Amino acid sequence: MAAKDLRYALRTLSRSPGFTLTALFTIALGIGASTAIFSVVNAVLLKSLPYAEPERLVLLWGDLRNRNVRDFPTAPGDYNDIRAAGTQFQSLAAVSTFRQTLTAEGQPPEQIWGAQVTTNFLSLLGLRVIKGRDFVPDDGTPQPPPPTTQNAGQPGTARPPAVQPPAPPPLPRNVILAHGFWKRRYGGDSSIVGKSIRLGNGTAQVIGVLQPGAELLWPPNADIQRVPDVWDAMRVNFDSGSRINVFLRVVGRLRPGATLGAAQAQMDQLSADLRQRFPIKQSSGFSIRLEPMQKDLVAEVRPALLALMGAVAFVLLIACANVANLLLVRAAQRDRELVVRVALGGSQWALVRQMMSESLLLAGSGAALGLLLSMLGIRLLKVLGPRDLPRLDTVGIDLAVLGFTIGAALVSALIFGIVPAVRASRPDAAEVLRTSGRSAALRAGRRLRNAVVVAEVALSFVLLIGSGLMFRSFLAIVQTNPGFDPKGVLTFTLQNPGMRGRDEVQAFWGQVNDRLKAIPGVTAVTNGAPLPLDGQESTLRYGTAEALADPNRYAQGQAFFVQPNYFEVLRTRLLSGRVFTDADRPQPQPPPQAGVPVDSAPKLGGVVIIDERLAAKVFPGQPAVGKRLLARLGGPTPDWYDVIGVVAHQRHTTLTGDDRESLYFPAPFAGIGRWAVRTSGDPEQLGNTVRTVLRQLGPNLAIAELQPMQVFVDRAIAPTRFALVLIGIFGIVAAILSAVGLYGVLSSVVRSRSAEIGVRAAFGAPRGKIFQLVIGQGLRLSALGIAVGLLGSLWLTQGMTKLLVGVKPIDPLTFSAMVVVFTAIAAAASWLPARRAAGLDPTVALREE
């Protein structure tokens, strides 16, 4: 394509500023929206994880198939077996994240996130230590066990007093600082390496600083903090590790040449062996499942992002169709010019080249403008994006996104430019010279323009159907009763590492409770571990007496540890029985004596409150209060718990699906988990007051995540709201573009039939009839497009199943409502051309023809 073609195209377009600006804005809108959404798809779905050879990384999950539990953490003993059996792995590592308090002289205490990792964890992922050193195997040497009492006497003889051997000194705790935390807390001072810092109730030596940008990209359900502040070497004895204390998240790197299938086969064999060795694993249906790390990370968000990418592709196609229609009308108006050029020796290829030059100029300029619009769109996406959307903060314009924009511009130029260019290159000279006037030119190619409008209507109607379905889903979520009232509740976490002993702990949390209640505007105070929808999850197995004979009858439930006034503060309805009192609080049990066997028979462990879902499942058609349940809270075997109450079901992990049934136990002391303060006004306005009051209670007190409880509900709604807003915006834009395209076609129809309309008016045709003629044509085109869109929607909306809540992909109400809405849009788009046609002066219309 010669430069002279581009220069001529530029001059031609500059002579039609109205057409050029309309086409540019339309293209920019389509390409800008497409680029913004692709930037998210690129960052979340397409970019490789920021680890060494991420394609060989896999996550290992535990599944309890008989209890419908997926993604279960791993116990240290099981991890040891996985390391021994997993010969398909080059290496395996484990991680667990937790909150702890950092204290230092001259600075306020701070709650920070820590990551306990096996010593090979950083090297497995390929994360570098830029100052100091990485962990070495000695950093993970297990702490020595506590000393046992020795007795020199023999059975049946008098025994001398017990001799307590000296306790071995604890091994040092070595930590590596995250780069961002090192910069923020220590100002990037390299001398911190080698020094000790105060973490929790002890000290830790800083041995290094991690590279910038290091993060833990685990799926949200893993409950792994994405950016820990401090990385801690895990001193756990895996050889004799617990089989019931599950807290590890395991990642593996496959050997070069190893396949996921071969590694899974090894884990299947190990799972079968563990089920044979441990009855609890047999009854729960325990198995180990492998998932590619990158695929698993985005499994939950992939359907939504692909749906959004499909929606924005529709918008781009509609924009291209609109510009194609504009070019077809413009080409029809230039028929005489093109015939003259052919008569003077111009070739068809030259005409095609000239028309495509104009299309490329429009597409290129529209893409440049669209790139600017996409930057604004990316900012909006970062604000609207849900918290569990991985790597949202890395979304931006990079080479891949620029390549997509250029490709979208070229494809758009081809889509909207090729048909007008080919048609314009073959003008019917005899027809053009035989007729005259604008109307005759516009009549040419009318069927093609009509077909383009039908396609626009069909595409935009599919988007409107998707918007309607998402709106119905959003309404269903908003109207879901979470089982508690989050309005007016302020929540936070609190740590005080200086406390020693149960009595001191209990007394201190009592002071916290009293001080919070004394704040004006505070009506009640409680705490629980966890609180509903706070992102934490704690499950246990429970069952009835039948489970003693058949362990397969155990089920998995959500466990909460709460204060006596918990249900009152959160306004969760008590359906029967009673709530906890201080007398229900569990008492500490003496440690088992050496040499005395532990009785494995269930004992009375205390009391429990269950939710209505568990009551209906376990005690259908009968009162649950007064019954007993087996539950394993901490010991190796379950104990009996008396059911004293039944409460309404609280949503604890999601608002969109069926939560697990819940069991509530009295908290062992007054301060546990997350605090909830009910206020008589706006909880956010009390935030500073609460912080000030708490700081007066002790120098080591650290408060974090001070926020209204409504935030938990908003987070649960965020993914659906994100999809709704974007698909809704695309649907509205598509409907507007389709309406503009329909308006343009009908306007050209009115111009092309102005003589006919003039004759009709001259012979006495009522204006209403002429108005109906044009409106009827617009509605017929729209009806055909809606019919095509309906057929497409029946197929395409099946891909939205995972996004919908409380509504099916084929919802008669939504489909009917969108037919009415789009018919109204079509009528509005047809009204102006119809009104213009009805108002034509016959003499003027005949003279223009």
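Let me begin by describing the structure that accompanies this report. Since the structure is predicted, the reported quantities are computational estimates derived from the model, not experimental observations. (Residues numbered from 1 in each chain as written. Predicted model: local features only at pLDDT ≥ 70, side-chain atom pairs only at ≥ 80, totals over all residues. Heavy atoms only, no water.)

### A few points about the nonpolar core
Step number 1: Counting residues in each nonpolar core, the largest one holds 137 residues, and the members touching the most others are F121, I197, W218, W231 and F730.
Step number 2: The dominant element in this core, judged by the number of residues it contributes, is helix α21 (residues 710-752), at 18 residues.
Step number 3: Discounting chain neighbours no more than four positions away, the residues touching F121 are A93, A94, V95, L216, W218, W231 and V251.
Step number 4: Of all hydrophobic cores here, the second largest spans 23 residues; its members include V236, L248, A263 and I288. (Core = buried A, V, L, I, M, F, W, Y, C linked by side-chain atoms within 4.5 Å. Buried < 20%, exposed > 50% of the residue type's maximum accessible area, 1.4 Å probe, protein only. Helix = DSSP H or I, 4+ residues; strand = E, 2+ residues; numbered from the N terminus. Contact = heavy atoms within 4.5 Å.)

### Quick look at the pairing of strand β6 (residues 174-177)
Step number 1: In β6, alternate side chains face the same way, and those of N174 and I176 on one face and V175 and L177 on the other are all buried.
Step number 2: Where β6 and strand β8 (residues 202-210) come together, 4 bridges link them in parallel fashion. The residue bridging V175 from the neighbouring strand is V206, located in β8.
Step number 3: Sheet topology note: the β6/strand β9 (residues 230-233) ladder contains 3 bridges and is antiparallel. By the bridge assignment for β9, L177 is matched with V230. (Pairing = 2+ DSSP bridges.)

### Some details on the side chain of R391
Step number 1: In this fold, R391 is placed in the loop between α11 (348-384) and α12 (399-424).
Step number 2: Within the structure, the side chain of R391 is placed 3.4 Å from the backbone oxygen of A43, a separation counted as a polar contact.
Step number 3: For R391, the residues in contact, after removing those within four places along its chain, are A43, V44, K47, S48, L49, P50, L217, R226 and Q294. (Polar contact = N/O pair within 3.5 Å; in protein donor to acceptor, adjacent residues only side chain to side chain.)

### Here we look at the pattern of salt bridges
Step number 1: Per the counting criterion, the structure on display carries 26 salt bridges.
Step number 2: Ionic pairing is found between E53 and R56, a salt bridge with its closest N-O pair at 2.8 Å.
Step number 3: Between D78 and K281 there is a salt bridge, with the nearest N and O atoms lying 2.7 Å from each other. One end of the pair, D78, is in helix α3 (residues 76-85); the other, K281, is in helix α7 (residues 279-284), and 203 residues separate them in sequence. For the residue pair D78 and K281, the accessibility class agrees, reading buried in each case. (Salt bridge = Lys/Arg side-chain N within 4 Å of Asp/Glu carboxyl O.)

### Brief notes about a positive patch on the surface
Step number 1: A contiguous patch of positive charge, built from K4, R7, R11 and R15, is present on the exposed surface.
Step number 2: Relative to the elements of secondary structure, R15 occurs in the loop between α1 (3-14) and α2 (17-46).
Step number 3: A relative accessible area of 57% means that R15 is categorised as exposed. (Patch = residues over 30% accessible without salt bridge, like charges linked within 9 Å, V, L, I, M, F, W, Y side chains within 5 Å. Areas by Shrake-Rupley, 256 points an atom, 1.4 Å probe, with all protein chains shown as cover. Lys, Arg positive; Asp, Glu negative; His and termini not counted. Charge placed at Lys NZ, Arg CZ, Asp CG, Glu CD.)

### Things to note about the side chain of N80
Step number 1: With respect to the element layout, N80 can be found in helix α3.
Step number 2: Here D239 takes part through its side chain, which lies 3.4 Å from a polar atom of the side chain of N80.
Step number 3: When neighbours within four sequence positions are excluded, N80 is seen to be in contact with F238 and D239.

### Focus on the environment of V246
Step number 1: In this structure, V246 sits in the loop between β9 and β10 (249-254).
Step number 2: On the accessibility criterion, V246 (28% relative accessible area) is partly exposed.
Step number 3: Considered as a pair, V246 and P73 are 173 residues apart in the sequence and their alpha carbons are 5.4 Å apart.
Step number 4: Not counting residues within four places of it along the chain, the set of residues in contact with V246 comprises F72, P73, T74 and A75.

### Quick notes on the packing of aromatic side chains
Step number 1: One pass over the structure, following the stated rule, counts 15 aromatic pairs.
Step number 2: Both rings, one in Y566 and one in F567, keep their centres 5.1 Å apart while their planes meet at 85°; by these two values the pair is edge-to-face.
Step number 3: Accessibility expressed as a relative area gives 2% for F567, which makes it buried.
Step number 4: Positioned over the ring face of F619 is K627, at 5.9 Å from the centre of the ring. (Phe/Tyr/Trp six-rings, centres within 6.5 Å; stacked < 30°, edge-to-face > 60°. Lys NZ or Arg CZ within 6 Å of the ring centre and 35° of its normal.)

### Re the packing of helix α23 (residues 767-796) against helix α24 (residues 812-838)
Step number 1: At their nearest, the axes of α23 and α24 sit 8 Å apart, and the two run at 150° to each other. Considering the angle they form, α23 stands roughly antiparallel to α24. In this structure, α23 meets α24 at a crossing whose hand is right-handed.
Step number 2: For the contact of α23 with α24, the residue count by class is 18 nonpolar, 5 polar and 2 charged. (Axes fitted to C-alpha atoms, helices over the stretch in contact; angles between N-to-C directions. Parallel < 35°, antiparallel > 145°, perpendicular 65-115°, else oblique. Left-handed = near helix turned anticlockwise from the far one by under 90°. Nonpolar A, V, L, I, M, F, W, Y, C, P; charged D, E, K, R; others polar.)

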